[in-house]
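Commentary on secondary and tertiary structure
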Amino acid sequence: QVHLVESRGGLVQAGGSLRLSCAASGRTFSRHGMGWFRQAPGKEREFVAAINWSDSSTYYNDLVRGRFTISRDNAKNTVYLQMDRLKPEDTAVYYCAARASDASYYEENYQYWGQGTQVTVSS
């Protein structure tokens, strides 16, 4: 079992930066692929970024590639999402997720989810 708790999001101006963290409980965090997803009002939840447990390979939605960086610290059982050059269209509730395998683009492949944290980017 893995329990995930995201850090508080916040309000940031367009062009600014924000770092989200997701703390995981459970001894097997290091063997879980981790992902970040987001859901904007009136839209479906979408994949943002993911990182393997086996080789720390990373994967990104083209909408955020080059602006967002996912990383993990297995010693701290934490995954991070560094968000730079934020845009108003990045406004959403952000969720971290874990799966007992390497990362996936698809939310249905993740077994564990955080409660979500609101990120609002003002223009």
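Scroll up for the structure.
In what follows, the accompanying structure is described. (Residues numbered from 1 in each chain as written. Predicted model: local features only at pLDDT ≥ 70, side-chain atom pairs only at ≥ 80, totals over all residues. Heavy atoms only, no water.)

**Regarding the packing of aromatic side chains**
- Per the counting criterion, the structure on display carries 7 aromatic pairs.
- Their ring planes at 65° and their centres at 4.8 Å tell us that F47 and Y105 sit as a pair that is edge-to-face. Residue F47 is found in strand β5 (residues 46–51), and its partner Y105 is found in the loop between β9 (92–99) and β10 (112–113); the two are separated by 58 residues along the sequence.
- Classification of F47 as buried rests on a relative accessible area of 10%.
- For the ring pair Y95 and W113, a centre distance of 6.4 Å and an interplane angle of 75° mean the geometry is edge-to-face. In this pair, Y95 is assigned in strand β9 and W113 in strand β10, connecting sequence segments 18 residues apart.
- Residue Y95 is classed as buried on the basis of its relative accessible area, which comes to 16%. (Phe/Tyr/Trp six-rings, centres within 6.5 Å; stacked < 30°, edge-to-face > 60°. Helix = DSSP H or I, 4+ residues; strand = E, 2+ residues; numbered from the N terminus. Buried < 20%, exposed > 50% of the residue type's maximum accessible area, 1.4 Å probe, protein only.)

**Quick notes on the environment of L11**
- Relative to the helices and strands, L11 resides in strand β2 (residues 10–13).
- When the C-alpha positions of L11 and D84 are compared, they lie 13 Å apart, and in sequence the two are 73 residues distant.
- Dropping the residues within four chain positions of it, L11 is found in contact with T120 and S122. (Contact = heavy atoms within 4.5 Å.)

**What to know about the state of the cysteines**
- Counted under the stated rule, the structure contains 1 disulfide.
- Note on cysteine connectivity: C22 is disulfide-linked to C96, with sulfurs 1.9 Å apart. Between C22 and C96, the disulfide has an S-S torsion of 40° and is therefore right-handed. Of this pair, C22 sits in strand β3 (residues 18–24) while C96 sits in strand β9; the two residues are 74 residues apart in sequence, bridging distant segments of the chain. Each member of the pair C22 and C96 is classed as buried. (Disulfide = S-S within 2.5 Å.)

**Here's the deal with unusual backbone geometry**
- Residue S56 is not a glycine yet carries a positive backbone phi of 60°.
- The residue S56 is located in the loop between β5 and β6 (58–60) in this model.
- By relative accessible area, S56 is classed as partly exposed at 39%.
- At N77, a residue that is not glycine, the phi angle is positive and equals roughly 55°.

**Overview of the pattern of salt bridges**
- One pass over the full model with this rule turns up 5 salt bridges.
- A salt bridge links R45 to E107; its shortest N-O distance comes to 3.0 Å. Highlighted residues: R45 in the loop between β4 (33–39) and β5 and E107 in the loop between β9 and β10, separated in sequence by 62 residues.
- Its relative accessible area of 27% is what places E107 among the partly exposed residues.
- The salt bridge involving R65 is made with D62; its shortest N-O contact spans 2.9 Å.
- On the basis of relative accessible area, R65 is assigned to the partly exposed category, the value being 49%.
- A residue is classified by how much of its surface remains accessible, and D62, at 61% relative accessible area, is exposed.
- Put simply, R38, E46, R67 and D90 are held in one network by salt bridges that share partners. (Salt bridge = Lys/Arg side-chain N within 4 Å of Asp/Glu carboxyl O.)

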